[in-house]
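Summary of the model geometry
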Amino acid sequence: MGEHLQDERLTAVGLLYEAFSGLNSRFAAQFCAHGLSTVEFEVLARLARSPGKQLRMTDLAAQTSLSTSGVTRVVDRMERDGLISRRACPSDRRSSYAVITQAGLTRLDEILPGHLELIEQWFTGQLEPAQLSAFLDALRTIRDAVHPCATAGSTAPEHAVVEA
């Protein structure tokens, strides 16, 4: 058993967990100061960065740490707060889109400058440009292997409604 405790694979995963936990703590405090949870920020950011500022609910679940029912609860809460809305999918009655509202974009605009500063201070600024590029490539490779649906909906839907 002893030799397994020294395995580099445990070290790699342990470092990943520690880095994520440290970043998540710093980010969560900032989101809380703006009245959002980490998941709510993630939903707003994913929607704002998607074509038409919208994603099918199933794609939003695939791109976040939420289950389909979990994303429904978060979207319900955020819809009540006016940060996002739902739009029926014109080609599939069983599906709907989550769409970021102007209020959601405004909230995101309030958070992003400070959030980008935290990212620079505690994450990207810790790496040389070549290290960051290699790290991002490695993260994409790992993400694509363990979470192949994470980019679902990242291309424009066939019947996307793009808001002006």
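Look a little higher up for the structure.
In this report, the structure presented in the accompanying data block is examined. The numbers attached to residues start from 1 for each chain and follow its sequence in the written order. Per-residue local features of the predicted model are confined to residues with pLDDT of at least 70, and side-chain atom pairs are confined, for both listing and counting, to 80 or more; whole-chain, interface and lining totals are unaffected and use all residues. Remark: hydrogens and water are excluded; side-chain values derive from all non-hydrogen atoms of the structure.

Remarks on the sheet that holds strand E1 (residues 54-56)
For two strands to pair, DSSP has to find at least two bridges joining them. Strands are runs of DSSP state E lasting at least two residues, helices are runs of H or I lasting at least four, and both sets are numbered from the N terminus onward. Strand order across the open sheet formed by three strands is E1-E3-E2, with antiparallel pairing between neighbours. Taken across any chain shown, the strands that pair with only one partner, and hence form the sheet edges, are E1 and strand E2 (84-88). Averaged over all adjacent pairs, the angle separating strand axes in this sheet is 30 degrees, with direction ignored. Inspection of the sheet shows E1 paired to strand E3 (residues 96-100) by three bridges, in the antiparallel sense. When the sheet's bridge partners are listed, Leu55 is paired in E3 with Ala98. To define axes, lines are fitted to C-alpha atoms, for helices over the stretch in contact only, and angles between the resulting N-to-C directions are given on a 0 to 180 degree scale.

With respect to the packing of helix H2 (residues 8-33) against helix H6 (residues 102-122)
Relative orientation of the contacting elements H2 and H6 amounts to 160 degrees, with a least axis distance of 11 Å. One finds that H2 runs roughly antiparallel with respect to H6. H6 is crossed by H2, and the crossing has right-handed handedness. Residues Leu23, Arg26, Phe27, Gln30 and Phe31 of H2 pack against Ile111, Gly114, His115, Leu118, Ile119 and Trp122 of H6. The cut-offs work like this: below 35 degrees is roughly parallel, past 145 is roughly antiparallel, 65 to 115 is roughly perpendicular, and the gaps in between are oblique. Take the far helix as the reference: if the near one is turned anticlockwise from it by less than a right angle, the crossing is left-handed, and if turned clockwise, right-handed. Residue contacts are defined here by distance: any two heavy atoms, one from each residue, within 4.5 Å place the two residues in contact.

Notes on helix H5 (residues 68-80)
A helix is expected to reach a length of 1.5 Å times the quantity of its residues less one. For H5, built from 13 residues, the straight-helix expectation of 18 Å at 1.5 Å per residue is met to within 8% by its first-to-last C-alpha distance of 18 Å. Along H5, the positions that sit buried rather than exposed are Gly70, Val71, Val74, Val75 and Met78. Viewed end-on, H5 has its buried residues packed into an arc of 130 degrees, placing them on one side of the element. Relative to its buried face, H5 has exposed residues pointing more than 90 degrees away, namely Arg73 and Arg80. If you follow the buried residues of H5, they end up packed against helix H3 (38-48), helix H4 (57-63), E2 and E3. Exposure classes here rest on a 1.4 Å probe applied to the protein chains alone. A residue is buried below 20% of its type maximum, exposed above 50%, and partly exposed in between. The directions considered for the arc are those from the helix axis to the C-beta atoms.

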